[in-house]
Amino acid sequence: MDIKKIREDFPILKREIRGHKLIYFDNAATTQKPLCVINAISEYYKRVNSNVHRGVHFLSDMATDSFEEARKTTKEFINASKAEEIIFVRGTTEGINLVASSFGEKFIKESDEIIISAMEHHSNIVPWQILCERKKAVLKIIPFNDKGEIIFDEFKNLLSGKTKIISLVHVSNSLGTVNPVKKIIDYAHSKNVPVLIDGAQSAQHFKIDVQELDCDFFVFSGHKIYGPTGIGILYGKEKWLEEMPPYQGGGEMIETVTFKKTTYNKLPYKFEAGTPDISGAIGLSEALKYLNRLGLANISEHEKQLLEYGTNKLMSIEGIKIFGTAKEKVSVFSFLLGNYHPYDVGVLLDKLGIALRTGTHCTIPVMDIFKIPGTVRASLCFYNTKEELDYLVENINRVKEILN
Ligand code: PMP
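Report on the accompanying structure. Small disclaimer: the values here were computed from a predicted structure and weren't measured.

The rules behind these values
Here, residues in each chain are numbered from 1, in the same order as that chain's written sequence. pLDDT decides what is reported in this predicted model: residues at 70 or higher carry local features, side-chain atom pairs at 80 or more are listed and counted, and totals for whole chains, interfaces and linings draw on all residues regardless. Values shown for side chains rest on all heavy atoms present in the structure; no hydrogens or waters enter the calculation. Starting at the N terminus, helices and strands are each numbered in turn, a helix being any DSSP run of H or I of at least four residues and a strand any DSSP run of E of at least two. With C-alpha atoms as the basis for the radius of gyration, the globule rule is written as 2.2 Å multiplied by the number of residues raised to the power 0.38. Residue burial is assigned from relative accessible area. The probe radius is 1.4 Å, only protein chains are included, and a residue is buried under 20% of its type maximum, exposed over 50%, and partly exposed in between. Surface accessibility follows the Shrake-Rupley procedure with a 1.4 Å probe radius. Residue values consider only the protein chains on display as shielding. For this count, His and the chain ends are skipped, Lys and Arg are scored as positive, and Asp and Glu as negative. To locate a charge, take NZ of a lysine, CZ of an arginine, CG of an aspartate or CD of a glutamate. Salt bridges are counted wherever a side-chain nitrogen of Lys or Arg sits within 4 Å of a carboxyl oxygen of Asp or Glu. Proximity is defined per residue: any heavy atom of the residue falling within 4 Å of a molecule or strand makes that residue near it. Within 3.5 Å is the distance limit for a polar contact, defined as a pair of N or O atoms, with the added protein rule that one can donate a hydrogen and the other accept it, and that residues adjacent in sequence qualify only through two side-chain atoms. Throughout this entry, Asp, Glu, Lys and Arg are counted as charged residues, while Ala, Val, Leu, Ile, Met, Phe, Trp, Tyr, Cys and Pro are counted as nonpolar. The remaining residues, Gly among them, count as polar. When DSSP finds two or more bridges between two strands, those strands count as paired. A fitted line through C-alpha atoms represents every axis, and for helices the fit uses only the stretch in contact; the resulting angles, taken between N-to-C directions, go from 0 to 180 degrees. In these notes the angle categories are as follows: under 35 degrees is roughly parallel, over 145 is roughly antiparallel, 65 to 115 is roughly perpendicular, and the rest is oblique. Left-handed describes a crossing in which the near helix is turned anticlockwise from the far one by less than a right angle; the clockwise case is right-handed. Any pair of residues with heavy atoms lying within 4.5 Å of one another is described as a contacting pair.

## Regarding the overall build of the protein
Argument step 1. If you tally the helices and strands in the protein, you get 14 helices and 17 strands.
Argument step 2. Computed over the C-alpha atoms, the radius of gyration of the protein is 22 Å, within 12% of the 22 Å expected from 2.2 N^0.38 for a compact globule of 404 residues.
Argument step 3. Within the protein, buried positions represent 55% of all 404 residues.
Argument step 4. Accessible area of the protein: about 17,700 Å², with a carbon and sulfur share of 51%.
Argument step 5. Mean positive and mean negative side-chain charge positions of the protein (51 and 51 charges, respectively) differ by 2 Å.

What follows is the structure, given as structure tokens:
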């Protein structure tokens, strides 16, 4: 991959911040957008803007075609078997809430059990807690080891005849761990338990094939995969989506409405109440096509090199501790520098033009397990370079001197 050339696709990467070249290491929070995505959204509003599915006029047809084309692009991107299994939602958070609410309404009853892991983002904890409270169900937690790897045997022990669903993060946003989801799905299915995979941090790093994984649900966010904010994808196997009740009521999701009885639309519209984020879907689809052009395998390879290089470089800094050292990892570095508060380190690095994140990264339980207030997190993606990592390491040393 010609990274120099690829960086040209991202106008924001040319910015200077406080007199320094921007180094954007906050990709797990949100990724930057290539020009083709920005242009697709802008062109949509300049030339097409209309509501979908309802109009008889030319522009409405055009908007509908582009919107449904975006669904097909997404279906192919994750290799779903049908476009009807692709539901447009606001993001990972809404996708999980939809499943927790709708699947939960139909299939969860008192004293049933739901399994998640100890490394979930709050978005994959709280919706299940709300459901458990509503249905008097029980949430069970798979622990992880010191490296941040899920303990498979503990998972096996948690699974029982009462387990109704497992909801698991594919890649941890605070530790970088890639979980062995295929192994977990296979084992869960041997006990007839469905599995939801939170792909917020995986689909942008390596190829996802939902049929091969055989997951029952898969969710991800547009803005973390080089697309716009406000759009995300819920993939669900048709057999579950058919059985689940609607999540929200309104236009689009109905077949007919009378004051006596309302009937619901077919999939995927049953779960898409109201006017959807049309430009968001178009922008997302453009981002997915862009990734296809770069090639997910090339992206993974470059990011693997960044991970190796960055790990060695960071480890050479005296007093640094990296959290998340799993064998299978993406290019995320979560660390603490001596006893300095992560916030102080982050603020000083920002003054030097380095954008990264400090805090708990919406995984407070992970921080509690490590007994730390939070970490500094540098999360890299394919447009990052080894030179940027050199600059980071150089400046962590500078920050150390300043704090000393
Ligand atoms: N799960 C994981 C693993 C995440 O990293 C995030 C975002 N940080 C979410 C869920 C929530 O994603 P969103 O805010 O886009 O809904």
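## Some thoughts on the pattern of salt bridges
Argument step 1. Per the stated rule, a full pass over the model turns up 18 salt bridges.
Argument step 2. Across the salt bridge formed by arginine 7 and glutamate 388, the nearest N and O atoms sit 3.3 Å from each other. In this pair, arginine 7 sits in helix H1 (residues 3-7) while glutamate 388 sits in helix H14 (residues 386-403), placing the two residues 381 residues apart along the sequence. In terms of burial, arginine 7 and glutamate 388 fall into one category: buried.
Argument step 3. A salt bridge links lysine 237 to aspartate 216; its shortest N-O distance comes to 3.5 Å. Pair noted here: lysine 237 is in the loop between strand E10 (232-236) and helix H9 (238-243) and aspartate 216 is in the loop between helix H8 (210-213) and strand E9 (217-221), with a separation of 21 residues, a long-range link.
Argument step 4. Through salt bridges with shared partners, one network takes in Asp26, Arg357 and Arg377.

## A few points about the site of the ligand
Argument step 1. In the vicinity of the ligand, the contacting residues are Thr92, Thr93, His121, Ser123, Val169, Asn173, Asp198, Ala200, Gln201, Ser221, His223 and Lys224.
Argument step 2. Between the ligand and histidine 121 there is a distance of 3.2 Å, counted from a nitrogen atom to a side-chain nitrogen or oxygen.
Argument step 3. Histidine 223 has a polar side-chain atom sitting 2.7 Å from an oxygen atom of the ligand.
Argument step 4. Protein contacts shield 86% of the accessible area of the ligand, which totals 400 Å² for the unbound molecule.
Argument step 5. Among the residues forming the shell around the ligand, the class breakdown is two nonpolar, eight polar and two charged.

## Focus: the pairing of strand E17 (residues 375-379)
Argument step 1. With five of its five residues buried, E17 lies for the most part within the structure.
Argument step 2. The pairing of strand E14 (residues 332-337) with E17 spans four bridges and is classified as antiparallel. Bridged to valine 332 within E17 is serine 379.
Argument step 3. Pairing of strand E16 (residues 357-359) with E17 involves three bridges; the strand directions are antiparallel. Note on E17: the bridge partner recorded for arginine 357 is arginine 377.

## Here we look at the packing of helix H11 (residues 296-315) against H14
Argument step 1. Two elements in contact, H11 and H14, have axes separated by 10 Å at closest approach and are oriented at 20°. Judged by the angle between their axes, H11 and H14 are roughly parallel. Crossing handedness for the pair H11 and H14: right-handed. For the pair formed by H11 and H14, the contact residues are Gln305, Leu306, Tyr309, Gly310, Lys313 and Leu314 on the first element and Lys386, Leu389, Asp390, Leu392, Val393 and Ile396 on the second.

## Notes on the packing of helix H12 (residues 342-351) against H14
Argument step 1. One can describe the packing of H12 onto H14 by two numbers: an axis separation of 10 Å at closest approach and a directional angle of 120°. The orientation of H12 relative to H14 falls into the category oblique. Where H12 crosses over H14, the two elements pack in a sense that is right-handed. Residues Asp344, Val345, Leu348 and Leu349 of H12 touch H14, and the partners they reach there are Leu392, Asn395, Ile396, Val399, Ile402 and Leu403.
Argument step 2. In the contact of H12 with H14, the residues fall into eight nonpolar, one polar and one charged.

Honestly, it's all geometry; don't read function into it.
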